[in-house]
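Okay, here's what each chain looks like letter by letter:
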Amino acid sequence: MSALVVQAQDLESPVSKDQHLPEEHSGSEQSAAGQPGKPDEVTRTIEIKTLDSMKYDPSSLTINRGETLRLIVNNIGRLTHEATIGTVAEQESHAGEMHAAPDTPHDSPNSVTVEPGQTKELVWRFDRPGRFEIGCHVPGHYQAGMIAEVTVR
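What you are looking at is a predicted structure, and each value in this text was computed from that prediction instead of being measured. (Residues numbered from 1 in each chain as written. Predicted model: local features only at pLDDT ≥ 70, side-chain atom pairs only at ≥ 80, totals over all residues. Heavy atoms only, no water.)

### With respect to the pairing of strand β11 (residues 147-152)
Okay, step 1: Side-chain alternation along β11 places Ala 148, Val 150 and Val 152 on a buried face and Ile 147, Glu 149 and Thr 151 on a face that remains uncovered.
Okay, step 2: Two elements, strand β5 (residues 60-63) and β11, share four bridges in a ladder whose sense is parallel. Each bridged residue has a counterpart across the sheet, and for Leu 61 the counterpart in β11 is Val 150.
Okay, step 3: Summarising the sheet, strand β10 (residues 130-135) and β11 pair through six bridges and their orientation is antiparallel. (Buried < 20%, exposed > 50% of the residue type's maximum accessible area, 1.4 Å probe, protein only. Helix = DSSP H or I, 4+ residues; strand = E, 2+ residues; numbered from the N terminus. Pairing = 2+ DSSP bridges.)

Below is the structure:
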């Protein structure tokens, strides 16, 4: 694997369960929210818990421009959840993908599907200032407010 591309990693199983071709994802290698980060450049690790109350904990993050984060996504609930990094427009695009294939896990550089009791990680470099989101696009979850606000300054 190239050092420039970091795939979402399942901490319990090294094989991605993604059944889509990479070009089918809105999660490309570049986004207005940044790009996949290099593990050796991680400046901070943050655990994000997915809750069955359709929330993330924490529900907001403030990040410095240029920071590379290791986001540990821990599903402590009984429902499947997702964490997708992107702009509002990218979230809307990914919502369409999930609507078309709701039972298919979507793991890509900016997105992980996390089954109950499972933990996965994303390594992401936030290289542009702005307001972005981490959203869950399991049907109904994003609409119920399962969004974490990300502010990059």
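Don't stop here, the text continues.
### Observations regarding the pairing of β10
Okay, step 1: Both strand β7 (residues 81-86) and β10 contribute to a ladder of three bridges, which runs antiparallel. The residue of β10 that forms the bridge with Ile 85 is Ile 134.

### As for the confidence of the model for the chain
Okay, step 1: In this model, the chain carries a mean pLDDT of 81, and residues with pLDDT of at least 70 account for 73%.
Okay, step 2: Of the regions scoring below 50 in pLDDT, residues 1-28 engages in 61 contacts with residues more than four places distant in sequence or in other chains. (pLDDT = per-residue confidence, 0-100. Contact = heavy atoms within 4.5 Å.)

### Quick look at the side chain of Gln 118
Okay, step 1: Tracing the chain through its elements places Gln 118 in the loop between β8 (111-114) and β9 (119-126).
Okay, step 2: Relative accessible area serves as the criterion here: at 7%, Gln 118 is assigned to the buried category.
Okay, step 3: Among the polar contacts listed, one links the side chain of Gln 118 to the backbone nitrogen of Glu 115, at a separation of 2.9 Å. (Polar contact = N/O pair within 3.5 Å; in protein donor to acceptor, adjacent residues only side chain to side chain.)

### Quick notes on the environment of Thr 113
Okay, step 1: When you line up the elements, Thr 113 lands in strand β8.
Okay, step 2: Classification of Thr 113 as buried rests on a relative accessible area of 7%.
Okay, step 3: Sequence separation of Thr 113 and Glu 82 is 31 residues, and the distance between their C-alpha atoms is 4.3 Å.

### A closer look at the sheet that holds β11
To summarise the sheet geometry, strands pair through backbone hydrogen bonds and adopt either a parallel or an antiparallel arrangement.
Okay, step 1: With respect to topology, five strands assemble into an open sheet ordered β5-β11-β10-β7-β8, the strand pairing being mixed. Strands at the two margins of the open sheet, each flanked by one partner only, are β5 and β8. Going across the sheet, the axis of each strand differs from the next one's by a mean of 20°, ignoring polarity. (Axes fitted to C-alpha atoms, helices over the stretch in contact; angles between N-to-C directions.)

### Quick look at the side chain of Glu 82
Okay, step 1: With respect to the helices and strands, the residue Glu 82 is situated in strand β7.
Okay, step 2: The buried charged residue Glu 82 lacks any salt bridge, with Lys 120 as its nearest oppositely charged partner at 9.4 Å.
Okay, step 3: Separated by 3.3 Å, the side chains of Glu 82 and Thr 84 make a polar contact.
Okay, step 4: Only 3.0 Å separates the side chain of Glu 82 from the backbone nitrogen of His 137, close enough to count as a polar contact. (Lys, Arg positive; Asp, Glu negative; His and termini not counted. Salt bridge = Lys/Arg side-chain N within 4 Å of Asp/Glu carboxyl O.)

### Examining unusual backbone geometry
Okay, step 1: The residue after Asp 57, namely Pro 58, is reached through a cis peptide bond having omega 10°.
Okay, step 2: With respect to the element layout, Pro 58 can be found in the loop between β4 (55-57) and β5.
Okay, step 3: Even without being a glycine, Met 54 presents a positive backbone phi close to 65°.
Okay, step 4: Secondary-structure assignment places Met 54 in the loop between β3 (44-51) and β4.
Okay, step 5: Assessed through its relative accessible area of 14%, Met 54 is described here as buried.

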